Amino acid sequence: DDPLRATASAEPRFTTVPVKLGERAYEIVIGRDLLAEGAQRVAALAPGGAVAIVTDTTVGGLHAVAITDALEAAGLRVARVEIPPGEGSKSYAEFARVCDALIEARIERGDLVLALGGGVVGDLAGFAAASLRRGVRFVQWPTTLLSQVDSSVGGKTGINSPHGKNLVGAFHQPSLVVADLALLDTLSPREFRAGYAEVVKYGLIDDRAFFEWCEANGAAVFEAGEACAYAVAKSCAAKAAVVARDEHENGDRALLNLGHTFGHALERAVAYDGARLVHGEGVAIGMALAFRFSARLGLASGQDAGRVARHLQAVGLPTRLQDVPGDIGDADSLLDAMAQDKKVRRGALTFILARGIGESFIARDVSRDDVRAFLADEFA
Ligand code: NAD
Ligand code: MG
């Protein structure tokens, strides 16, 4: 069941991972230098039609011209809508602006929206596509490692409310995902590392062998070559399998939140200041905490918890509360931040805990006192 072996082609080199969702099924194309291949696949979705590239100004400045040229060469009319970079763009104001710009660009029901950027662009453009004319198809063309291994797959789209992250949105599956590793060459090392935390997550959830592969090959992944292609394909296949089982997160899909309950609390604690903590860094600390907490509860071995932290540290990711610069409050304030997480059901804390590496599970009704005592020790 190696996702690479089944579909790898010699020339040009790319891999495809299917997302098996019946009528909403689509493919993720993974490889280096996918401009021509990707553009042809986009054009095949809407022959002779129009595509609106939604991107942020940073990514747009680096990559939009090349992609525009490739799409035009494939016979599409191309429009471009740019948003400011950063989480702040997942807002009502930018959502409205993007929708109006798509209407002005005469994007019709049969046309396409193409999200060129990281998770911010993907979430916002996807939600705009879901809403425009009650739904137009969209393509994810992710440009961060995080978006290539996580946010571009699975169909969750949306924006933030002043009340919290991702509170307004829709499930809207893309029609195609093009993960071109060459685009990662311009990504900052810090953003690359943050995305890598989500790669490691898939091993920790249910694939110990893949975690061990990460231990052996993690450094090579950062070169955005073959090892990276393998890591992206494995990650996408893992996420696709979960999404195919539980598209709307009624059960299993929650496993993908390993490390995220603690991680989100830390992101709140720094008021989403990316200079102090980006999402993947919060997830890295969160995964290390989830394993130490699991060990403390007698579920997992201390050895596995130590091994998780060591690998994350080895690639330069943070693993301790002390690794977050500045004041992040205390055990009680972090607990309050967790209680505001939308994964809270009727006051009980839901965590993804582990019996070991690759043996994660959904633990409902986790005692707040246990969490508080654990966090107090982590702060000490
Ligand atoms: P991002 O989209 O903000 O991108 C990070 C930064 O990198 C931005 O400043 C961007 O301009 C820049 N950038 C992107 N690609 C670049 C490139 N190739 N070269 C140079 N710079 C580049 O952040 P992200 O980490 O990709 O995504 C985070 C968002 O994803 C969050 O809003 C999160 O909620 C969302 N997310 C969604 C899902 C989902 O299932 N929908 C899953 C995980 C995360
Ligand atoms: Mg995440």
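Structure: above.
Overview of the structure. (Residues numbered from 1 in each chain as written. Chains lettered and ligands numbered in written order. Predicted model: local features only at pLDDT ≥ 70, side-chain atom pairs only at ≥ 80, totals over all residues.)

1. As for the overall build of the protein chain
Alright, step 1. Counting its secondary structure elements, the protein chain contains 14 helices and 11 strands.
Alright, step 2. Computed over the C-alpha atoms, the radius of gyration of the protein chain is 20 Å, within 12% of the 21 Å expected from 2.2 N^0.38 for a compact globule of 380 residues.
Alright, step 3. Here the C-alpha coordinates of the protein chain stretch approximately 60 × 45 × 35 Å along the principal axes.
Alright, step 4. Out of the 380 residues in the protein chain, the part that is buried amounts to 50%.
Alright, step 5. Excluding contacts between residues fewer than 6 apart, the proportion of contacts in the protein chain whose partners are at least 24 apart in sequence is 72%. (Helix = DSSP H or I, 4+ residues; strand = E, 2+ residues; numbered from the N terminus. Rg over C-alpha atoms; globule rule 2.2 N^0.38 Å. Buried ≥ 20, exposed ≤ 12 C-beta atoms within 10 Å, placed from the backbone. Contact = placed C-beta atoms within 7 Å.)

2. Some details on the site of ligand 1
Alright, step 1. Contacts to ligand 1 come from 30 residues, most closely from G118, G119, V120, T144 and S151.
Alright, step 2. Secondary structure elements with two or more residues in the shell around ligand 1: α3 (57-73), α5 (119-131), α6 (145-151) and β8 (164-171).
Alright, step 3. Classifying every residue of the shell around ligand 1 by side-chain character gives nine nonpolar, 13 polar and eight charged. (Near = placed C-beta within 6 Å. Nonpolar A, V, L, I, M, F, W, Y, C, P; charged D, E, K, R; others polar.)

3. Observations regarding the packing of helix α4 (residues 92-104) against α5
Alright, step 1. Look at α4 against α5: their axes get within 10 Å of each other, and the N-to-C directions meet at 55°. Of the possible angle classes, the one that applies to α4 and α5 is oblique. Along this stretch, α4 crosses α5, giving a crossing that reads as right-handed. Here E94, F95, V98, C99 and L102 of α4 lie close against α5, whose contacting residues are L124, A125, F127, A128 and S131.
Alright, step 2. When its residues are assigned to classes, the contact of α4 with α5 shows eight nonpolar, one polar and one charged. (Axes fitted to C-alpha atoms, helices over the stretch in contact; angles between N-to-C directions. Parallel < 35°, antiparallel > 145°, perpendicular 65-115°, else oblique. Left-handed = near helix turned anticlockwise from the far one by under 90°.)

Coordinates in, geometry out; function isn't part of it.
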